[in-house]
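So you can see what is in the structure, the chains are spelled out below.
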Amino acid sequence: MTLLETVRDPARLRELTAGELRDLAGEIRAFLIERVSATGGHLGPNLGVVELTVALHTVFESPRDRLVWDTGHQSYVHKILTGRQAGFGRLRKAGGVSGYPSREESEHDLVENSHASTALSYADGLARADAHLGRRDRATVAIIGDGAMTGGMAWEALNNIAGGPERPLVIVLNDNQRSYAPTVGGLAEHLADLRAGRGPGVFEQLGLGYLGPVDGHDLPAVQDSLRHAVALGGPVVVHVITAKGKGYRHTETNDLDLGHAVKPMDPHTGQALKASPPSFTSVFGEKLVELAERRDDLVAITAAMTEPTGLLPLRRRFPHRVIDVGIAEQHAVTMAAGLSMGGVHPVVAIYSTFLNRALDQLLMDVALHRRPVTFVLDRSGVTGDDGPSHNGMWDLSVLQVVPGLRIAAPRDGARLAELLAEAVAWRQGPTLLRFPKGPVGEDLPAIATFNGIDVLLRSGPLDVLIISVGALAGLALTVAEGVRAQGIGVTVVDPRWVAPVNPALADLGRRHRLAITVEDNSRAGGVGSAIAQALRDADVPTPLREFGIPRRFLGHGSRAEVLAACGLTSQNITRVVVELLAGLDAAPASASASASAGIDDLGT
Ligand SMILES: Cc1ncc(C[n+]2csc(CCOP(=O)(O)OP(=O)(O)O)c2C)c(N)n1
Ligand SMILES: CC(=O)[C@@H](O)[C@H](O)COP(=O)(O)O
Ligand SMILES: [Mg+2]
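Residues numbered from 1 in each chain as written. Chains lettered and ligands numbered in written order. Predicted model: local features only at pLDDT ≥ 70, side-chain atom pairs only at ≥ 80, totals over all residues. Heavy atoms only, no water.

Caption draft 1: View of the overall build of the chain. What the chain contains, in helices and strands, is 23 helices and 18 strands. Computed over its C-alpha atoms, the radius of gyration of the chain comes to 26 Å, within 12% of the 25 Å expected for a compact globule of 604 residues. Carbon together with sulfur atoms contributes 52% to the accessible area of the chain, which is approximately 23,400 Å² in total. Computed over 58 positive and 67 negative side-chain charges, the separation of the two mean positions in the chain equals 2 Å. (Helix = DSSP H or I, 4+ residues; strand = E, 2+ residues; numbered from the N terminus. Rg over C-alpha atoms; globule rule 2.2 N^0.38 Å. Areas by Shrake-Rupley, 256 points an atom, 1.4 Å probe, with all protein chains shown as cover. Lys, Arg positive; Asp, Glu negative; His and termini not counted. Charge placed at Lys NZ, Arg CZ, Asp CG, Glu CD.)

Caption draft 2: Structural view of the pairing of strand E5 (residues 235–241). Counting buried residues in E5 gives 6 out of 7 residues, a clear majority hidden from the surface. Note: strand E3 (residues 169–175) against E5, 7 bridges, orientation parallel. Directly across from Val172, in E5, lies its bridge partner Val238. Where strand E4 (residues 209–215) meets E5, 5 bridges bridge the pair, whose relative direction is parallel. When the bridges of E5 are listed, Asp215 appears paired with Ile241. Read from E4 through helix H9 (residues 219–232) to E5, the crossover connection turns out right-handed. (Buried < 20%, exposed > 50% of the residue type's maximum accessible area, 1.4 Å probe, protein only. Pairing = 2+ DSSP bridges. Right-handed = clockwise from strand over helix to strand, strands pointing away.)

Caption draft 3: Broad picture of helix H3 (residues 50–59). Where burial is concerned, most of H3 is hidden: 10 out of the 10 residues are buried. Restricting attention to buried positions, one finds in H3 the residues Val50, Glu51, Leu52, Thr53, Val54, Ala55, Leu56, His57, Thr58 and Val59.

Caption draft 4: Structural detail: the sheet that holds strand E10 (residues 406–408). Judged by pairing direction, the sheet is mixed, and its 7 strands sit side by side in the order E7-E6-E8-E9-E11-E10-E16 without closing on themselves. The open sheet has two free edges, formed respectively by strand E7 (322–324) and strand E16 (497–499), since each of these has just one partner strand. Strand-to-strand twist across the sheet, computed as the mean angle between neighbouring axes with direction ignored, equals 25°. Relative to strand E8 (residues 345–351), helix H13 (residues 329–341) is tilted by about 165°, and along the sheet it contacts strand E6 (298–302), E7, E8 and strand E9 (374–378). (Axes fitted to C-alpha atoms, helices over the stretch in contact; angles between N-to-C directions. Contact = heavy atoms within 4.5 Å.)

Caption draft 5: The pattern of salt bridges, seen in detail. For the coordinates displayed, the defined rule picks out 37 salt bridges. The partner of Arg84 in a salt bridge is Asp109, with the nearest N and O atoms 2.6 Å apart. On the criterion of sequence distance, the pair formed by Arg84 in the loop between helix H4 (76–81) and helix H5 (119–133) and Asp109 in the loop between H4 and H5 is long-range, its members being 25 residues apart. With respect to burial, Arg84 and Asp109 carry one shared label: buried. For the salt bridge of Arg513 with Asp463, the shortest nitrogen-to-oxygen distance reads 3.4 Å. Residue Arg513 is located in the loop between helix H19 (504–511) and strand E17 (514–522), and its partner Asp463 is located in the loop between strand E13 (453–459) and strand E14 (464–468); the two are separated by 50 residues in the primary sequence. Judged on exposure class, the residue Arg513 and its partner Asp463 are both buried. Connected through salt bridges with shared partners, the residues Arg411, Asp412, Arg415, Glu418, Glu422, Asp454, Asp494 and Arg496 form a single ionic network. (Salt bridge = Lys/Arg side-chain N within 4 Å of Asp/Glu carboxyl O.)

Caption draft 6: The arrangement of the coordination of the magnesium ion (ligand 3) in detail. Around the magnesium ion (ligand 3), the donor atoms from the protein are Asp146 (OD), Asn176 (OD1) and Arg178 (O), and they sit 2.0 to 2.1 Å away. Donor residues for the magnesium ion (ligand 3) sit on one chain with the sequence pattern D-x29-N-x1-R. (Donors = N, O, S within 2.8 Å, 3.2 Å for Na, K, Ca; no water.)

Caption draft 7: Highlighting the UniProt feature "binding site: thiamine diphosphate" (unreviewed entry) in the chain. Sequence positions flagged by UniProt for "binding site: thiamine diphosphate" (unreviewed entry) are, in local numbering, His73, Ser114, His115, Ala116, Gly147, Ala148, Asn176, Tyr248 and Glu329. Their sequence span is 257 residues, while the largest C-alpha to C-alpha distance among them is 32.0 Å; these annotated residues do not converge on one region. By the element assignment, Ala116 lies in the loop between H4 and H5. Not counting chain neighbours up to four residues away, the residues in contact with Ala116 comprise Asp70, Thr71, Ala148, Ile327 and Arg357. Residue placement: Glu329 occurs in helix H13. In this structure, Glu329 is in contact with Ala303, Ile350, Phe354, Arg357 and Ala358, ignoring residues within four places of it in sequence. (UniProt positions renumbered as here; feature names shortened; annotations may be inferred.)

Caption draft 8: Spotlight on the site of ligand 2. Around ligand 2 sit His42, His73, Tyr100, Tyr180, His260, Tyr351, Phe354, Arg379, Asp386, His390 and Lys437, and those are all the residues in its vicinity. In the environment of ligand 2, an oxygen atom lies 2.8 Å from a nitrogen or oxygen atom belonging to the side chain of His42. Between ligand 2 and Tyr351 there is a distance of 2.5 Å, counted from an oxygen atom to a side-chain nitrogen or oxygen. Look at ligand 2: alone it shows 360 Å² of surface, and the protein chains cover 90% of it. The residue inventory of the shell around ligand 2, partitioned by class, reads 4 nonpolar, 4 polar and 3 charged. Among the domains, domain 1 (3–253) and domain 2 (280–434) are the pair contributing at least three residues each to the shell around ligand 2. (Near = heavy atom within 4 Å. Polar contact = N/O pair within 3.5 Å; in protein donor to acceptor, adjacent residues only side chain to side chain. Nonpolar A, V, L, I, M, F, W, Y, C, P; charged D, E, K, R; others polar. Domains from an automatic or database assignment.)

Caption draft 9: Geometry of the confidence of the model for the chain. Summing up the model confidence of the chain, the mean pLDDT is 95 and the portion of residues at 70 or higher is 97%. At the low end of the mean pLDDT range in the chain sits helix H23 (residues 589–593), at 41; at the high end sits E9, at 99. Here residues 588–604 is a poorly scored stretch, pLDDT under 50, and it has 29 contacts once near neighbours within four places are set aside; other chains count. As scored by the predictor, the complex reaches a pTM of 0.96 and an ipTM of 0.99. (pLDDT = per-residue confidence, 0-100.)

Caption draft 10: Region of interest: the site of ligand 1. Taken together, 22 residues lie around ligand 1, and Ser114, Gly147, Asn176, Lys244 and Glu329 are the ones closest in. Separating a nitrogen atom of ligand 1 from a backbone N or O atom of Ala116 is a distance of 2.9 Å. Coverage of ligand 1 by the protein chains reaches 98% of its 580 Å² of free accessible surface. Its residues placed into classes, the shell around ligand 1 shows 8 nonpolar, 9 polar and 5 charged. Two domains each provide a minimum of three residues to the shell around ligand 1, namely domain 1 (3–253) and domain 2 (280–434).

Caption draft 11: Quick peek at the UniProt feature "binding site: Mg(2+)" (unreviewed entry) in the chain. Mapped onto this numbering, the UniProt entry gives "binding site: Mg(2+)" (unreviewed entry) at Asp146 and Asn176. Separation in sequence by 31 residues is not matched in space for these annotated residues, since their most distant C-alpha atoms are only 6.8 Å apart. Its place among the elements puts Asp146 in the loop between strand E2 (140–145) and helix H6 (152–162). With relative accessibility at 2%, the residue Asp146 sits in the buried group. Filtering out sequence-adjacent residues up to four positions away, Asp146 remains in contact with Leu173, Asn174, Asp175, Asn176, Gln177, Arg178, Thr183, Leu187 and Leu191. Side-chain polar atoms of Asp146 contact the backbone nitrogen of Asn176, separated by 3.5 Å.

Caption draft 12: The environment of Val562, seen in detail. Following the sequence through the fold, Val562 ends up in helix H21 (residues 559–565). Given the relative accessible area of 6%, Val562 is considered buried. Setting aside its immediate chain neighbours within four residues, Val562 contacts Val382, Gly384, Leu554, Gly555 and Gly557.

Structure (structure tokens):
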């Protein structure tokens, strides 16, 4: 039996000798490499925190003492040590261990974050609660990366924490000099000074205790620092230096991101098991370079995600035209407004879920000022394996309330190219493109256009109008085949620009007996509900049914599994359409009048 197999609870660690703990760290690394290379996941960040996590679980007694992991992508070792080794065979898969802390999984997981820079705020709240309740019998420990420290929320929290010198709180700053890419900005420079022992530290100047820098792979040294921090009382920063990807050649030598998030791969070669087909991300990256070749005023902004958002080709071509602001989405958006006031057209490339943070900036700083800024939201819709926090299932609901914002959802690579060009050419206000994670697939050409709306299929009588949003066009066409096979007439359209609603959709809706919308977004307030409102406003009597994501947080699993759990399958939608049509009375007069209309009657 290995040492690791004897660890079912962190209390076991406190029975081991220093030598055994060192051996255990080696076993944990081997376990991570074997399991995460099979499933994919955040390998590099976790290889870097093996000794740190062992030290935390020997010095502190979780769950009595509260360990709060910022972002949470580096919590695998914590999971391994808190009774969840068996679940790693299905890491991030339906029914398996989630990729982030999860309250459902374990009493050792207090917060399920995964959006960065929140841990210090949770910890400040926990420490204040203890003060309020007069409890001094448990510790609060926040573990935050140097990347997450670039987020504004972390500094709001530090300001508050420093204002309560009597409240004990240990802040472990895990400094590996990386977010994905090297951490940027003045803070990164300052941490370099602290590592080199140069000058006074900003944390001490704020009034916080500061210990370090300490070698994060020297287990006894980390344990000593943590104990010292507890003994000091009050809020103390323990500055721990770690190496992301440590102990595995293929992450240590991965210059791009030290194996931040790997795909399933051969552990011996470090090569992905499957080649990645062209994705929406890669098409966006290429098209942006083409546009940037023609327009000197185009500049891209990323919040610490240059490669994952597809900006690497642009950075390679024009290194000074990609601005990495760190994990600072709010700053990115308002800075984009400033850039545009200065005569530059910014393209803000961001994951849908992370733009949630910057709604106010988008509304007030960009839209109110009618700034021509283009937002490109990757990972819109269901992302799947990263669980509830990473699904980009709210953007269409939240953002269509923004006055003057034009939103497009490309269904394929050709449309992405077209719509991106249209977006950056628009000078009267902000524009936004949204697309999902994954392969871009084959192009789905339109057979006609109708007042700016692409018609993808027209067959038989005007029974059902399927309005498809973005990448769900393939699903919409499969549904169309299903209903057509049952003798039902069908039209499939893609509005391309989904907000504001194209008034021609009301004309199309009026001519059919039933309309449905299919979108990879929450049904609540999504494109479907906006179109339903537009139909009502235009006195269109045609009933409309919206297919989308229910109003709940979605568990992790593959994108296909999660979509199926939401009822977004061709079988389900086809069945509902057939039932709805069967339940309708004879076609309304306006529809029957045009029941034999062909594609020509829909115009172009
Ligand atoms: C608000 C937000 N923006 C972007 C991300 C994407 N993201 C995940 S991890 C990461 C880098 C975090 O760097 P750091 O905290 O230093 O952790 P490390 O990867 O070094 O372990 C980023 C940008 C996120 N999780 N949350
Ligand atoms: C922790 C985090 O937010 C990212 O690392 C995220 O997991 C990346 O997701 P993708 O794999 O879709 O880029
Ligand atoms: Mg880091």
